[in-house]
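An overview of the molecular structure
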Amino acid sequence: MTTPPFPLRSVAEQEFVPWARMIADTYGMDRSEEELADQRAATDLGRTLAVFDEGVPVAGASVYSRVLTVPGGVLPVAGVASVGVAPTHRRRGILTSMMRAQLTDLYEHRREPIAVLRPSEAGIYGRYGYGPATLGNPMRCDRRAMHFRPHTDFGDGTVRLHHADQGRPLLEEVYDRVRTQTVGWPDRQAVHWAVRLADHPHRRGAATSLRFAVHQESDGRTTGYALYRHSSAPDGLGGSAGMVQVVELAALSRQAYAALWRFLAGIDLATWIDYEGAVDEPLPHLLTDPRAVRAAPVDRLWVRPVDVDRALSGRSYACPLDLVLDVRDDFCPWNAGRHRLQAEGRTAVCEPTTAPADLRLTAAELGAVFLGGTTLTALSASGLVEELRPGALSLASTAFRGEREPWYPGGWAFPLC
């Protein structure tokens with residue numbers, strides 16, 4: 001292994017603030033004292049990496065241990081974030097050395113079997129073996145055209161607004177139930193909720209503080225919530241139009257989901273509603289005019305199998321499977337070679353083999369299909385997956401698929417919210 005161009009080490013307590021400010025600066029952002037405190041509470045300094053040049057931090061990355069819902073269950077994952085290289089030290093191989101060090105540590109110490117991140121730039125991480133596994137679906141809804149289909153079942157619950165201190169326990173209760181049923185949703189501990197609900201005025205732009213709309217059934221059970229803000233946007237005519245920015249929405253039933261959207265669509269003085277949901281979001285199907293919702297899907301969560309055998313053994317598959325994968329992985333050579341994946345029901349086993357291969361692909365393609373969204377057939381049509389045994393591609397593509405499209409509901413920095 002080549003020697004890194006600059007020594008890598010973890011961040012000491014007294015170095016955290018300048019390190020975190022440097023990382024934020026690479027994204028063109030500032031960090032308030034309150035934000036730094038929230039970030040420090042969520043950061044395990046033992047899992048940080050940093051490069052210092054004459055005592056000044058110039059690069060860094062961190063791993064946050066999380067639990068992610070995958071097809072058939074949950075799996076510990078290494079959430080990669082706080083990745084940055086100062087503009088004074090780019091093009092020197094520092095990012096590559098940090099990525100290699102992170103993945104090697106995960107494998108050699110048998111930590112989390114997959115790594116995940118939400119990149120700020122989509123063209124960077126493919127060369128490190130990450131593949132785009134979920135799509136976000138930013139939607140702009142014309143509130144004036146949002147008429148619900150006749151006989152839509154809104155249930156008999158109610159939506160009420162709560163203050164943050166009252167609403168947070170209710171949100172946590174709903175989220176923890178929804179996330180175990182929704183592929184792509186991570187767990188949230190107290191430190192993650194603190195970041196997700198942080199409402200710093202300088203981060204709002206021209207928007208208001210967060211509103212907490214909570215759906216409760218007639219028996220008092222909480223079954224959904226919507227976090228949103230009010231703002232305005234240019235209307236193209238020299239004026240402005242009211243907007244509702246939905247930060248997050250979760251529901252435990254279709255009735256609660258419909259009732260929350262009826263509430264949002266009924267907010268006066270708003271022309272538009274902005275929300276990022278799943279690619280297969282039910283909302284357009286609730287409306288008489290589905291064109292009231294315009295969407296533009298974009299990649300969100302990228303997945304990297306760190307240990308192919310442990311990763312593929314950690315999820316379930318849609319149909320019985322006995323498949324040999326020839327995996328190419330130049331960045332993590334321990335994954336390279338043939339792996340036999342056998343699955344039946346909710347049990348799966350993957351292990352090295354010398355048997356003839358059925359499919360050939362790279363670790364990045366495995367990451368792309370891991371959560372059940374991207375299909376192997378689509379990747380094959382792009383020339384990224386090679387079928388070596390007739391019929392293997394169709395079977396494997398079916399087996400890897402999930403019941404619904406996976407999606408990630410958090411903010412831009414996956415491990416923190």
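First, a word on what this report is: a plain description of the structure on this page.

What counts as what
- Residues numbered from 1 in each chain as written.
- Predicted model: local features only at pLDDT ≥ 70, side-chain atom pairs only at ≥ 80, totals over all residues.
- Heavy atoms only, no water.
- Phe/Tyr/Trp six-rings, centres within 6.5 Å; stacked < 30°, edge-to-face > 60°.
- Helix = DSSP H or I, 4+ residues; strand = E, 2+ residues; numbered from the N terminus.
- Buried < 20%, exposed > 50% of the residue type's maximum accessible area, 1.4 Å probe, protein only.
- Lys NZ or Arg CZ within 6 Å of the ring centre and 35° of its normal.
- Pairing = 2+ DSSP bridges.
- Contact = heavy atoms within 4.5 Å.
- Axes fitted to C-alpha atoms, helices over the stretch in contact; angles between N-to-C directions.
- Salt bridge = Lys/Arg side-chain N within 4 Å of Asp/Glu carboxyl O.
- Core = buried A, V, L, I, M, F, W, Y, C linked by side-chain atoms within 4.5 Å.
- Arc of directions from axis to C-beta.

1. With respect to the packing of aromatic side chains
Per the counting criterion, the structure on display carries twelve aromatic pairs. Judged by centre distance (4.4 Å) and plane angle (10°), the rings of Tyr107 and Trp334 are stacked. Taken together, the residues span a long stretch of sequence, with Tyr107 in helix 3 (residues 94–108) and Trp334 in the loop between strand 15 (321–328) and strand 16 (337–344) at a distance of 227 residues. Look at Tyr107 and you get partly exposed, because its relative accessible area is 29%. Ring pairs connect the aromatic residues Tyr125, Tyr128, Tyr130 and Phe331, which therefore count as one cluster. Sitting over the face of the ring of Phe16, Arg40 holds its NZ or CZ atom 5.8 Å from the ring centroid. The side chain of Arg188 reaches across the aromatic face of Trp193, ending 4.6 Å from its centre.

2. Re the sheet that holds strand 3 (residues 73–85)
With respect to topology, six strands assemble into an open sheet ordered 1-2-3-4-14-5, the strand pairing being mixed. Sheet topology places strand 1 (48–53) and strand 5 (131–132) at the edges, where each strand pairs with a single neighbour. Examined bridge by bridge, strand 5 and strand 14 (residues 302–305) share two bridges and lie antiparallel to one another. Looking across to strand 14, one finds that Pro132 is bridged to Trp302. Those strands touched by helix 3 are strand 1, strand 2 (56–70), strand 3, strand 4 (114–117) and strand 14, and its axis lies near 155° from that of strand 3.

3. So, the sheet that holds strand 15
With mixed pairing, five strands are arranged side by side in an open sheet as 17-16-15-18-19. For this open sheet the edge positions go to strand 17 (347–352) and strand 19 (386–387), each flanked by a neighbour on one side alone. Where strand 18 (residues 359–362) meets strand 19, two bridges bridge the pair, whose relative direction is antiparallel. Each bridged residue has a counterpart across the sheet, and for Leu359 the counterpart in strand 19 is Glu387.

4. Describing the pairing of strand 9 (residues 222–234)
Across the 13 residues that make up strand 9, a large majority, ten, are buried. With six bridges connecting them, strand 8 (residues 211–216) and strand 9 associate as antiparallel partners. Each bridged residue has a counterpart across the sheet, and for His215 the counterpart in strand 9 is Gly224. What sits between the antiparallel neighbours strand 8 and strand 9 is a turn of five residues, in which Gly220 has the positive phi angle 95°. Alignment of strand 9 against strand 10 (residues 240–251), held across eleven bridges, turns out to be antiparallel. Of the residues in strand 10, the one forming a bridge with Tyr228 is Val246.

5. Considering the pattern of salt bridges
Scanning the entire structure with this criterion turns up 26 salt bridges. The salt bridge partner of Arg340 is Asp322, with a shortest N-O separation of 2.7 Å. Residue Arg340 is located in strand 16, and its partner Asp322 is located in strand 15; the two are separated by 18 residues in the primary sequence. With a relative accessible area of 31%, Arg340 lands in the partly exposed category. Given a relative accessible area of 38%, Asp322 falls into the partly exposed group.

6. Overview of unusual backbone geometry
Positive phi, close to 50°, is recorded for Ser82, a residue that is not glycine. Locating Ser82 in the fold gives a position in strand 3. The exposure class assigned to Ser82 is buried, which follows from its relative accessible area of 10%. Look at Arg91: it is not a glycine, yet its phi comes out positive at around 60°. Looking at where Arg91 falls in the secondary structure, it is placed in the loop between strand 3 and helix 3.

7. Quick look at the nonpolar core
The biggest cluster of nonpolar side chains holds 43 residues, and the ones touching the most others in it are Met146, Leu249, Trp261, Leu264 and Leu283. Of all the elements in the fold, those that place two or more residues in this core are strand 6 (135–142), helix 4 (164–179), strand 8, strand 9, strand 10, helix 6 (254–265), strand 11 (272–277) and helix 7 (283–286). No other element matches helix 6, which puts six residues into this core. If near-sequence neighbours (up to four positions away) are discounted, Leu249 is found in contact with Trp185, Tyr225, Ala226, Tyr257, Leu260, Trp261, Leu264 and Tyr275. Residues Val70, Leu321, Ala343 and Leu379 belong to the second largest nonpolar core, which totals 39 residues.

8. Points about helix 2 (residues 33–42)
Every buried residue belonging to helix 2 is among Glu35, Leu36, Asp38, Gln39 and Ala42, and all of these are buried. Viewed along the axis of helix 2, the buried residues span an arc of 160°, placing them on a single side of the element. Projecting away from the buried face of helix 2 at angles above 90 degrees are the exposed residues Glu33, Glu34 and Ala41. Residues of helix 2 that are buried in the fold lie against helix 1 (16–26), strand 2, strand 3 and helix 5 (190–196).

9. Focus: the environment of Asp156
Structurally, Asp156 is set in the loop between strand 6 and strand 7 (158–162). Spatially, the C-alpha atom of Asp156 lies 9.0 Å from that of Ala259, the residues being 103 residues apart in sequence. The contacts of Asp156, once residues within four sequence positions are left out, are Glu217 and Ser218.

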